[in-house]
Amino acid sequence: MPDWITLTDIEQLIAIKEKSYEKPQVLFKHSTRCSVSSVALKRMEKGGIISGADFYFIDLFRFRKISGKIAETFNVYHESPQILLIENGERVYNESHPGITMQELSDQIFSLN
């Protein structure tokens, strides 16, 4: 299971972008009211641990403004659930709904090295 860091404010988003120059950053946007999102979260948590990246979790209902800022900052259409991989300040991978798998994310992270 990833060691989730809860994303709760815009300043964290700025720090995530800066930290992405040192190592990949993963953002998981989760809707607590969506069964598809719950399934994606469970798949992520059962998928094991990926070293070499920080994992952030955002509750879309509690932090909707941050979700909007993520979409704006990384030029993605807002979806839920959604996962983004950030490297060197840019989104290098984006997936949503049943396309979210830990294996694919792992492959994407390892392809960066």
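The numbering scheme is per chain: residues are counted from 1 as the chain's sequence reads. Reporting of local features is limited, given that this is a predicted model, to residues whose pLDDT is at least 70; pairs of side-chain atoms are given and counted only at 80 or more, and all residues count toward the totals for whole chains, interfaces and linings. Excluded from the side-chain calculation are hydrogens and water; included are all heavy atoms of the structure.

Caption draft 1: A look at the overall build of the protein chain. In DSSP terms, a helix is any run of H or I states spanning at least four residues, a strand is any run of E spanning at least two, and both are numbered starting from the N terminus. Within the protein chain, the secondary structure is distributed over 4 helices and 5 strands. Each helix (α) and strand (β) of the protein chain, taken in turn from the N terminus, gives the series β-α-β-α-β-α-β-β-α. Atoms considered for the radius of gyration are the C-alpha atoms alone. The globule rule reads 2.2 Å times the number of residues to the power 0.38. The C-alpha atoms of the protein chain give 13 Å as radius of gyration, which agrees with the globular expectation for 113 residues (13 Å, within 12%). Taking the principal axes of its C-alpha atoms as reference, the protein chain extends roughly 35 × 30 × 20 Å.

Caption draft 2: Broad picture of the pattern of salt bridges. When a carboxyl oxygen of Asp or Glu lies within 4 Å of a side-chain nitrogen of Lys or Arg, that pair is called a salt bridge. This structure, assessed with the given rule, holds 3 salt bridges. Residues Lys23 and Asp54 are paired through a salt bridge, measuring 3.0 Å at the closest nitrogen-oxygen approach. Of this pair, Lys23 sits in the loop between α1 (10-19) and β2 (25-30) while Asp54 is found in strand β3 (residues 54-59), placing the two residues 31 residues apart along the sequence. Any residue under 20% of the maximum accessible area for its type is buried, any over 50% is exposed, and the rest in between are partly exposed; the area is computed with a 1.4 Å probe on protein chains only. For Lys23, a relative accessible area of 34% translates into the label partly exposed.

Caption draft 3: Structural view of the packing of aromatic side chains. For Phe, Tyr and Trp, where Trp contributes only its six-membered ring, two rings pair if their centres lie within 6.5 Å, and the inter-plane angle classes them as stacked under 30 degrees, edge-to-face over 60, or tilted in between. Counting across every chain of the model gives 4 aromatic pairs. Aromatic pair Trp4 and Phe28: ring centres 5.7 Å apart, planes at 35°, arrangement tilted. With Trp4 in strand β1 (residues 4-6) and Phe28 in strand β2, this residue pair connects regions lying 24 residues apart in the sequence. You'll find Trp4 and Phe28 in the same group, each marked buried.

Caption draft 4: Summary view of the pairing of strand β5 (residues 90-96). Here the rule is simple: two strands pair whenever DSSP picks up at least two bridges between them. For strand β4 (residues 82-87) and β5, the ladder comprises 6 bridges, and the chain directions are antiparallel. Note that in β5 the partner of Ile86 across the bridge is Arg91. The antiparallel hairpin formed by β4 and β5 contains 2 residues in its connecting segment, where Asn88 sits at a positive phi of about 50°.

Caption draft 5: A look at the side chain of Ser20. Here Ser20 lies in the loop between α1 and β2. Take Ser20: its relative accessible area is 1%, and that puts it in the buried class. A distance of 2.7 Å separates the side chain of Ser20 from the backbone nitrogen of Gly89, its partner in a polar contact. Setting aside its immediate chain neighbours within four residues, Ser20 contacts Gln25, Ile86, Glu87, Asn88 and Gly89. Throughout this description, a polar contact denotes any pair of N or O atoms lying within 3.5 Å of each other; where both atoms belong to protein, one of them has to be capable of donating a hydrogen while the other can accept it, and for residues adjacent in sequence the pair is counted only when both atoms sit in side chains. Only heavy atoms matter for contacts: two residues are in contact if any of them lie within 4.5 Å across the pair.

Caption draft 6: Layout of the confidence of the model for the protein chain. For every residue, the pLDDT score states the predictor's confidence, bounded by 0 at the bottom and 100 at the top. Confidence in the prediction of the protein chain, expressed as mean pLDDT, is 92, and 99% of residues score 70 or more. Least confident of the elements in the protein chain is helix α2 (residues 35-46), whose mean pLDDT is 88; most confident is β4, at 97.

Caption draft 7: Region of the structure containing helix α4 (residues 102-111). Residues of α4 that are buried include every one of Met102, Leu105, Ser106 and Ile109, and no others. Mapping the buried residues of α4 onto a view down its axis gives an arc of 100°, with all of them on the same face. Exposed residues on α4 whose side chains face more than 90 degrees from its buried face are Gln103 and Ser111. In this structure, the buried residues of α4 make contact with β2, α2, β3, β4 and β5. Here, the arc refers to the directions that run from the helix axis to the C-beta atoms.

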